[in-house]
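Reading the structure
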Amino acid sequence: MPAAPRIAPATLFTPQEWRPFQSRSAWVGPLLVLHCWAVIALAVTAGVVLPWLIPLCVMIVGTRQLGLAILMHEAAHGGLSRNARLNDFLGHWLCAVPIGASLKAYRPYHLRHHRFVQQPEDPDRMLSAPFPVTPASLRRKLIRDLTGQTFFKQRILLPLAQARSNRPEGEGAKGMIEAAHDYESIVTGRSVLPFLIVNLLLLAGFVAAGLWWAFFVLWLLPMATWFPMVTRLRNIAEHACVEGGTDDAFRAARTTRARWWERAFIAPYWVNFHAEHHLFMHVPCWKLPALHRAVHARPQGRAMEVAPGYLDVLRTVTTRPAP
């Protein structure tokens, strides 16, 4: 299996130019995790105090649940802390487990994606291979997400199917990956129980505060609706309809320029700079905007796929005519 093409930093940068992108902070990663939970807490509080804001709060909480998945992804690359134990603790218990994921299961799966991106061995290829699709097809997918059907399939039907099977855990996880579009929320047999325990503790906290309903409306509802939808949009934007990635490292993924409202409701924590992430996957996420500017100042950067926004991406991936 040939690995995806790679380039060395020296291809684009002098050692002095590359040095800032190599350094990792001891405090930025933990602060990002704190920021994500703080935004969730503020949105929940706003929904409780001003119920007419609940639809907006559901969108904000769902996007920050995606933010937890993105920070789990950062931990998979060792980017949340210089200390490996702290990195894995933050990435697993404070990011992955609350949304039903497992850092231990996700890391080897995701690194395989980087190694074989856009090739048949890429476990994420199934997410981008069907595109382009018809507008009606994408609309049906988004409706399934927003009505909770995707959540029900991924978080209830698939774990139950795995529990009934006698396959080894790795094989079961693979089957679930093949069936679900949300690769950030890999649910294995071992990750279901921590997810339930953490969410029961959250529910107990809401009950103790006399706000039992807020757990369902302002935590579980976003997870069942907005979170799957923005995760799908993010997956589509990253690799769908990007050609040439098997031969050219600069074509492995797409970067999408995100406006402020897209960063707030679709793409938190610089996840939109995905082409740069694939080019140099160990650069911390908060340095990706600077890396984007640096790469695109070089002639080679012109080969990279850059979309003006997420609406432009959706227009690109829905060009298949209706039958």
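These lines cover the structure that appears in this document, whether it is placed above or below. Along every chain, residues carry numbers that run from 1 in the direction the sequence is written. Reporting of local features is limited, given that this is a predicted model, to residues whose pLDDT is at least 70; pairs of side-chain atoms are given and counted only at 80 or more, and all residues count toward the totals for whole chains, interfaces and linings. Hydrogens are left out, water is left out, and the side-chain values use all remaining heavy atoms of the structure.

Right, let's get into the packing of helix H3 (residues 54-76) against helix H11 (residues 212-224). The angle between the axes and the distance between the axes are what describe a pair of packed helices. Axis definition: a line fit to C-alpha positions, over the contact stretch in the case of helices; interaxial angles, taken between N-to-C directions, run 0 to 180 degrees. Numbering of helices and strands starts at the N terminus; helices are DSSP runs of H or I of at least 4 residues and strands are runs of E of at least 2. Contact geometry for H3 and H11: axes closest at 7 Å, N-to-C directions at 55 degrees. Regarding the angle of H3 to H11, the classification is oblique. Two packed elements cross with a definite hand, and for H3 against H11 that hand is right-handed. Between H3 and H11, the residues in contact are Ile54, Cys57, Val58, Val61, Gly62, Gln65 and Leu68 and Trp213, Val217, Leu218, Trp219, Leu221, Pro222 and Met223, respectively. Following the grouping adopted for this structure description, the nonpolar residues are Ala, Val, Leu, Ile, Met, Phe, Trp, Tyr, Cys and Pro, the charged ones are Asp, Glu, Lys and Arg, and the polar ones are all others, Gly among them. Of the residues that constitute the contact of H3 with H11, the class distribution is 12 nonpolar, two polar and no charged. An angle below 35 degrees is treated as roughly parallel, one above 145 as roughly antiparallel, one from 65 to 115 as roughly perpendicular, and anything else as oblique. Helix crossings fall into two classes, left-handed where the near helix is turned counterclockwise from the far one by less than a right angle and right-handed where it is turned clockwise. It only takes one pair of heavy atoms within 4.5 Å for two residues to be counted as in contact.

Once that is clear, we can look at the packing of aromatic side chains. Note on aromatic pairs: the rings of Phe, Tyr and Trp (six-membered ring only in Trp) are paired at centre separations within 6.5 Å, and the planes decide the class, stacked below 30 degrees, edge-to-face beyond 60, tilted for the rest. This structure, assessed with the given rule, holds 10 aromatic pairs. Residues phenylalanine 13 and tryptophan 18 carry aromatic rings whose centres are separated by 5.6 Å and whose planes lie at 20 degrees to one another, so their mutual orientation is stacked. Just as phenylalanine 13 is buried, tryptophan 18 falls in that class too. Ring plane angle 85 degrees and centroid distance 5.2 Å describe the contact between phenylalanine 215 and phenylalanine 216, whose orientation is recorded as edge-to-face. Each residue is placed in one exposure class: buried if its accessible area under a 1.4 Å probe, protein chains only, is under 20% of its type's maximum, exposed if it is over 50%, and partly exposed if it falls in between. For phenylalanine 215, a relative accessible area of 5% corresponds to the buried category. Relative accessible area serves as the criterion here: at 39%, phenylalanine 216 is assigned to the partly exposed category. Grouped by ring-pair contacts, the aromatic residues Phe13, Trp18, Phe21 and Phe280 constitute a single cluster. Its end group placed over the ring of tyrosine 269, arginine 64 keeps NZ or CZ at 5.0 Å from the ring centre. For a lysine, the NZ atom is tested; for an arginine, the CZ atom; a charge sits over a ring if that atom is within 6 Å of the ring centre and within 35 degrees of the ring normal. A cation over an aromatic ring shows up here: arginine 155 above the ring of phenylalanine 195, its NZ or CZ 5.8 Å from the ring centre.

This part takes up the environment of phenylalanine 215. Within the secondary structure, phenylalanine 215 is located in helix H11. Between the alpha carbons of phenylalanine 215 and arginine 19 there is a distance of 45 Å; along the sequence they are 196 residues apart. Discounting residues that sit within four places of it in the chain, phenylalanine 215 has contacts with Asn199, Leu202, Leu203, Phe206 and Leu220.

Along the chain, the position of threonine 225 falls in the loop between H11 and helix H12 (226-239). Nitrogen and oxygen atoms within 3.5 Å of one another constitute a polar contact, given that in protein one can donate a hydrogen and the other can accept it, and given that sequence-neighbouring residues count only through two side-chain atoms. A polar atom in the side chain of threonine 225 sits 2.7 Å from the backbone oxygen of leucine 221. Ignoring anything within four residues of it in the chain, the contact list for threonine 225 reads Val58, Asp145, Leu146 and Gly148.

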